[in-house]
Amino acid sequence: MQDQEPEDLAVHARGLRKAYRVRGTEVPAVDGLDLQVRRGEFFGVLGPNGSGKSTTVGMLTTRTTPTGGTATVAGHDVRRDPVRVRRSIGVVTQANTLDRAVTLAQNLELRCRVFGLDRRSARRRSADLLAQFGLADVADRLDDHVSGGQSKRAMIARAVVHRPDVLFLDEPTAAVDPQSRRDLWDLLRALHRDGQTVLLTTHHLEEAEALCDRVAVLDHGRVLACDTVAGIKRRSGADHVVEVGLAGTPDTALVQEGLRRIPGVRAVEVDLRSVRVHAVPRGAAGVGEAGAGEDGVGEDLVGDVLQALAVTGPGIRTVTSTPPSLENAFLNLTGRSYSA
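From a predicted model like this one, the values you see are computed outputs, not experimental measurements.

K.L.:
Explain the sheet that holds strand β11 (residues 240-246) residue by residue, including any values.
P.N.:
An order of β12-β13-β11-β14 is seen for the 4 strands of this open sheet, with the pairing classed as antiparallel. Strands with a single pairing partner mark the edges of an open sheet, and in this sheet they are β12 (265-270) and β14 (316-322). For this sheet the average axis-to-axis angle between neighbouring strands, irrespective of direction, equals 15°. Of the strands in this sheet, β12 and β13 (274-279) touch helix α9 (residues 252-260), which is tilted by about 160° from β12.

K.L.:
Kindly report on the sheet that holds strand β2 (residues 25-38), identifying the contributing residues and their values.
P.N.:
Here we have 4 strands laid out as an open sheet, ordered β2-β1-β4-β5, and antiparallel in their pairing. Each edge of the sheet is formed by a strand with only one pairing partner; in this case those strands are β2 and β5 (76-77). Where helix α1 (residues 53-60) meets the sheet, its contacts fall on β1 (9-22), β2 and β4 (68-73), and the angle it forms with β1 comes to roughly 115°.

K.L.:
Could you give an account of the pattern of salt bridges, with specific residues and numbers?
P.N.:
Any two side chains of opposite charge can pair, given that their charged atoms come close. Counting across every chain of the model gives 17 salt bridges. In this structure, the salt-bridge partner of R17 is D31, at a minimum N-O distance of 3.7 Å. With R17 in strand β1 and D31 in strand β2, this pair connects stretches of sequence that are 14 residues apart. Of the residues examined, R17 reaches a relative accessible area of 23% and is grouped as partly exposed. Among the ionic pairs, D186 bridges to R189, the shortest N-O distance being 3.0 Å. Residue D186 and its partner R189 are located together in helix α6 (residues 178-193), separated by 3 residues, close to a single helical turn.

Parameters at a glance
- Residues numbered from 1 in each chain as written.
- Predicted model: local features only at pLDDT ≥ 70, side-chain atom pairs only at ≥ 80, totals over all residues.
- Heavy atoms only, no water.
- Pairing = 2+ DSSP bridges.
- Helix = DSSP H or I, 4+ residues; strand = E, 2+ residues; numbered from the N terminus.
- Axes fitted to C-alpha atoms, helices over the stretch in contact; angles between N-to-C directions.
- Contact = heavy atoms within 4.5 Å.
- Salt bridge = Lys/Arg side-chain N within 4 Å of Asp/Glu carboxyl O.
- Buried < 20%, exposed > 50% of the residue type's maximum accessible area, 1.4 Å probe, protein only.

No statement about biological role is implied by the geometric values presented.
Pasting the structure below:
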């Protein structure tokens, strides 16, 4: 990852470290982490439980004191100037942190007042956000009387009342139903289009693919890879798989020989009526043209497979092309599945 000028960065961590003492032994939760998030970027942090995601966010939002290294958020050092950091950020946690003794509107108005708005301006800002987040109809309800998705939208609205430089979202769609999750994605995309810098941690890989400009893959407190989702897939060595249903029984040796000549093919599985080809994605490891789009890349591989089978195979019934998944990329990088 190339260094950016500090003024271009919303988040800049260098050698960030957090260790805990357990029975007299120092156990690192985050171990020399380097991270750069550009202003205006939607950035994802991925990793299974215990990878260091929440500890990293805790340090960047000043809830946890680093053991070592440095970090700045919105230009402010998290150790030397935590108050300015807190005034520059919005935070949405997994747990519901709304005040359940007051209405959704009052939750937002109170936060506005904390950040210096007068009563009239606070009510106006609250009303605008409630409309923007689709909560105007339930503004006067207590949190216990709205849905989980509405609660989460209210938490995000409350986190941006002061127009923060960086919005931290720690597993924002955990325990939210699929439709509410999609609605939240639309709201987050709208915030990002308006220029909001977002740092997201998530257990949902499809969420990272749908929302993030770039992602960092964490495991055991370290960044294993940082790139666009497509770049992570290419660099991880996750396979593109083409499966072809055949009209008859193939000559296994002949089919294997023909398919293995295709650049990037790593394995060929031949059954009685089907063939599976595992290949390095075109554009990775010097195979094909770097930077090509995934759809075009997949079509090229399928074309090569079909051309080879036209010479060596008994005829084709079906074709399925499966590009590398983020789940497979994570497995290749860490040696374990994302849910492990």
